[in-house]
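Understanding the architecture of this molecule
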Amino acid sequence: MGNRAAARFGGVGKSATYAVFDMVAQLRAQGVEVLDLGGGEPDFDTPAHVVDEAVGALREGFTHYTPSRGLPELLDAIAEKLAKDNNITVDASTDIVVTPSAKHALFAALVTVLDPGDELLVPTPSWVSYSAMARLIGAHPVQVGLDAANGFRITRDLLEAHVSPRTKALLVNSPNNPTGHCLTHEEARAISRFATEHDVLLIADEIYEKILYDGREHVSLGALPCCADRTLTINGFSKGYAMTGWRLGYAAGPTDLMEQMLKVAQHTVGCTGSFVQRGGIAALTGPQEPVREMREQYARRRELTVRGLNALPGVRCSPPDGAFYAFADIRATGFADAASFARFVLERAGVALMPGSAFGPGGEGFVRLSFATSPEILEAALERMGRALAERG
Ligand code: PMP
Ligand code: GLU
């Protein structure tokens with residue numbers, strides 16, 4: 001049988017992160033012991049008060065459709081959070097759409113702003129799904145390879161070198177997956193000038209905003225006066241509140257674009273799970289101690305991971321500013337590429353990690369390790385990697 005799927009799938013590979021999730025599950029099903037630092041998801045349980053709220057909603061029969069935009073109480077809580085945490089002002093009744101996951105919010109945002117043939121600037125290394133999403137809607141991702149030697153910062157020169165008359169939007173992820181870099185005020189200024197001068201829309205993926213280290217401040221592009229009217233802010237509950245399986249996210253931005261995005265929600269999912277949204281209200285309006293506690297634990301794991309990586313022969317790793325990934329430079333280890341390093345570590349040390357090449361230009365020569373797992377697993381993984389690399393000589 002010929003290729004019956006749409007031609008645009010030609011440029012779309014399977015998700016590299018899900019490939020690692022699946023591979024680990026398959027190896028474990030075969031009885032192989034694997035220490036998983038591959039796919040990134042918090043190992044913490046969702047805070048109990050959030051679970052209680054959703055279970056209560058189910059028990060009281062709150063199991064029907066909600067307004068497509070989202071429950072009014074959740075929209076209010078999100079608007080308040082955006083004002084308080086991000087200095088972003090939106091009208092809860094017109095400028096937010098709740099979605100089943102930040103992933104879906106991103107996809108809906110791209111459907112909203114990109115026509116087939118339009119170009120989306122994607123600074124890389126980047127999370128694996130942005131470029132694939134753009135291709136799925138017939139647009140072209142233009143990967144802007146960032147320089148490791150410059151701390152993977154976004155610069156005006158790099159953006160200017162990749163802009164074209166077809167450039168419609170720029171995607172900015174901060175704190176960044178996989179590099180851990182957090183946008184500086186200087187970068188934000190460069191981006192805002194670039195976007196204004198070229199009339200480019202901004203899509204700001206802020207899903208890791210709660211996970212920051214060393215007192216760093218999160219910079220929201222949507223808070224900059226010149227960007228407020230051209231930025232779609234994407235966020236969700238997966239990382240900050242350890243709610244990956246709940247599938248809950250949202251987009252917020254200028255009214256005209258959100259009006260169109262609402263149609264994407266209406267015609268593709270109808271609404272996000274009713275009881276899931278109730279959990280989201282509890283997450284935003286309830287105690288924030290669990291978020292702080294998780295951040296403190298991530299900070300300890302970051303120290304342990306970065307220290308352990310730097311003790312490995314030929315491996316260099318700077319501490320990430322945010323998120324829960326260590327992005328380690330393995331160019332001095334003598335492996336041909338990041339994929340060979342990842343294969344070696346899996347086969348000889350039983351440790352799963354992500355080759356940096358999966359994250360696009362700029363990622364080759366690096367590997368990503370998720371430290372959203374217990375210190376015991378991290379210590380064991382680093383110890384095994386050390387032994388395997390030493391035996392290799
Ligand atoms: N953006 C980035 C950078 C991510 O790492 C993730 C996690 N998969 C997402 C968006 C999507 O998060 P979710 O769909 O779980 O809300
Ligand atoms: N964000 C995680 C990661 O990068 C989860 C997997 C995914 O959604 O791609 O590993």
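Residues numbered from 1 in each chain as written. Chains lettered and ligands numbered in written order. Predicted model: local features only at pLDDT ≥ 70, side-chain atom pairs only at ≥ 80, totals over all residues. Heavy atoms only, no water.

1. Structural notes on the sheet that holds strand β11 (residues 354-355)
Rules: Here, any two strands with at least 2 DSSP bridges between them count as paired. Going along the chain from the N terminus, every DSSP run of H or I of four or more residues is numbered as a helix, and every run of E of two or more is numbered as a strand.
Taking strand neighbours across the sheet as the criterion, the three strands line up as β9-β12-β11 in an open arrangement whose pairing is antiparallel. Of all the strands in the sheet, just β9 (325-329) and β11 have a single pairing partner and so form its edges. Summarising the sheet, β11 and strand β12 (residues 366-370) pair through two bridges and their orientation is antiparallel. When the sheet's bridge partners are listed, P355 is paired in β12 with V367.

2. Points about unusual backbone geometry
For clarity, the cut-off: Using a 1.4 Å probe on the protein chains alone, a residue whose accessible area is under 20% of its type maximum counts as buried, one over 50% counts as exposed, and one in between counts as partly exposed.
At the junction of T124 and P125, the peptide bond is cis and its omega measures out at 5° in the coordinates. Counting through the fold element by element, P125 comes out in the loop between β3 (119-124) and α5 (129-136). Omega for the peptide link from S174 to P175 comes to -10°, which places this bond in the cis form. By the secondary structure assignment, P175 is in the loop between β5 (167-173) and α7 (185-198). The residue R247 is not glycine, and still its phi comes out positive at about 60°. Relative to the helices and strands, R247 resides in the loop between β7 (231-236) and β8 (249-252). Judged by its relative accessible area of 34%, R247 is partly exposed. Located in the positive-phi region is A323, a residue other than glycine, with phi close to 65°. By the element assignment, A323 lies in the loop between α10 (289-310) and β9.

3. Let's talk about the pattern of salt bridges
Inclusion rule: Throughout this description, the term salt bridge denotes a Lys or Arg side-chain nitrogen within 4 Å of a carboxyl oxygen of Asp or Glu.
Scanning the model with the defined rule gives 20 salt bridges in all. Here R278 ties to E60 by a salt bridge, and the two come within 3.1 Å at their closest N and O atoms. Linking R278 in helix α9 (residues 274-285) with E60 in the loop between α2 (48-59) and α3 (72-86), this pair joins segments that are 218 residues apart in sequence. Using a relative accessible area of 14% as the deciding quantity, one classes R278 as buried.

4. Topic: the site of ligand 2
Note the cut-off: Only a single heavy atom is needed: when it lies within 4 Å of a molecule or strand, its residue is near that molecule or strand. In the analysis that follows, any N or O atom pair within 3.5 Å is treated as a polar contact, provided that within protein one partner can donate a hydrogen and the other can accept it, and provided that, for residues neighboring in sequence, both atoms belong to side chains. Only the protein chains shown count as cover for residues, and all accessible areas are computed by the Shrake-Rupley method using a 1.4 Å probe. Residue polarity follows a fixed list, in which Ala, Val, Leu, Ile, Met, Phe, Trp, Tyr, Cys and Pro are nonpolar, Asp, Glu, Lys and Arg are charged, and the others, Gly among them, are polar.
Inspection of the region around ligand 2 gives T17, Y18, F21, G39, G40, K103, W127, N177, Y208, K239, Y325 and R368 as its neighbouring residues. Here an oxygen atom of ligand 2 and a side-chain polar atom of W127 are 3.0 Å apart. A distance of 3.0 Å is found between an oxygen atom of ligand 2 and a side-chain nitrogen or oxygen belonging to N177. About the coverage of ligand 2: the protein hides 91% of its 290 Å² of free accessible area. For the shell around ligand 2, the element with the highest residue contribution is helix α1 (residues 16-29), accounting for three residues. By residue class, the composition of the shell around ligand 2 is five nonpolar, four polar and three charged.

5. Let's talk about the packing of helix α4 (residues 102-113) against α5
Rule in force here: To obtain an axis, a line is fitted to C-alpha atoms, over the contacting stretch when the element is a helix, and the angle between two such axes runs from 0 to 180 degrees between their N-to-C directions. Oblique is the label for any angle not under 35 degrees, not over 145, and not in the 65 to 115 range, which are roughly parallel, roughly antiparallel and roughly perpendicular in turn. Each crossing gets its hand from how the near helix is turned against the far one by less than a right angle, where anticlockwise is left-handed and clockwise is right-handed. Should any heavy atoms of two residues lie within 4.5 Å, those residues are counted as being in contact.
Contact pair α4 / α5: the axes reach a minimum separation of 10 Å and the direction vectors enclose 40°. Judged on the interaxial angle alone, α5 and α4 are oblique. As for the relative orientation of α4 and α5, their crossing is right-handed in sense. Packed against α4, whose contacting residues are K103, L106, F107 and L110, the element α5 presents S129, Y130, M133, A134 and L136 at the interface. Taken together, the residues of the contact of α4 with α5 break down into seven nonpolar, one polar and one charged.

6. With respect to helix α8 (residues 255-268)
Which entries qualify depends on this criterion: By this rule, a helix spans an expected 1.5 Å times one less than how many residues it contains. The directions considered for the arc are those from the helix axis to the C-beta atoms.
If you check α8, its first and last C-alpha atoms are 20 Å apart, about what 14 residues at 1.5 Å a residue would give, namely 20 Å. Restricting attention to buried positions, one finds in α8 the residues L257, M258, M261, L262, V264 and A265. Projected down its long axis, α8 shows its buried positions confined to an angular sector of 160°, all on one face. α8 presents D256 and H267 as exposed residues on the side facing more than 90 degrees away from its buried surface. Contacts made by the buried residues of α8 are with β2 (96-99), α4, β6 (201-205), β7 and β8.

7. What about the sheet that holds β2?
Reading across from one edge, β2-β8-β7-β6-β5-β3-β4 is the order of the seven strands in this open sheet, with mixed pairing throughout. The open sheet is flanked by β2 and β4 (140-145), the only strands paired with a single partner. The average angle at which neighbouring strand axes cross in this sheet is 20°, direction not considered. One ladder, built from four bridges, connects β7 with β8; its direction is antiparallel. In the strand pairing of β8, I234 is matched with A251. Docked against the sheet, α4 engages β2, β3, β5, β6, β7 and β8, running at close to 160° with respect to β7.

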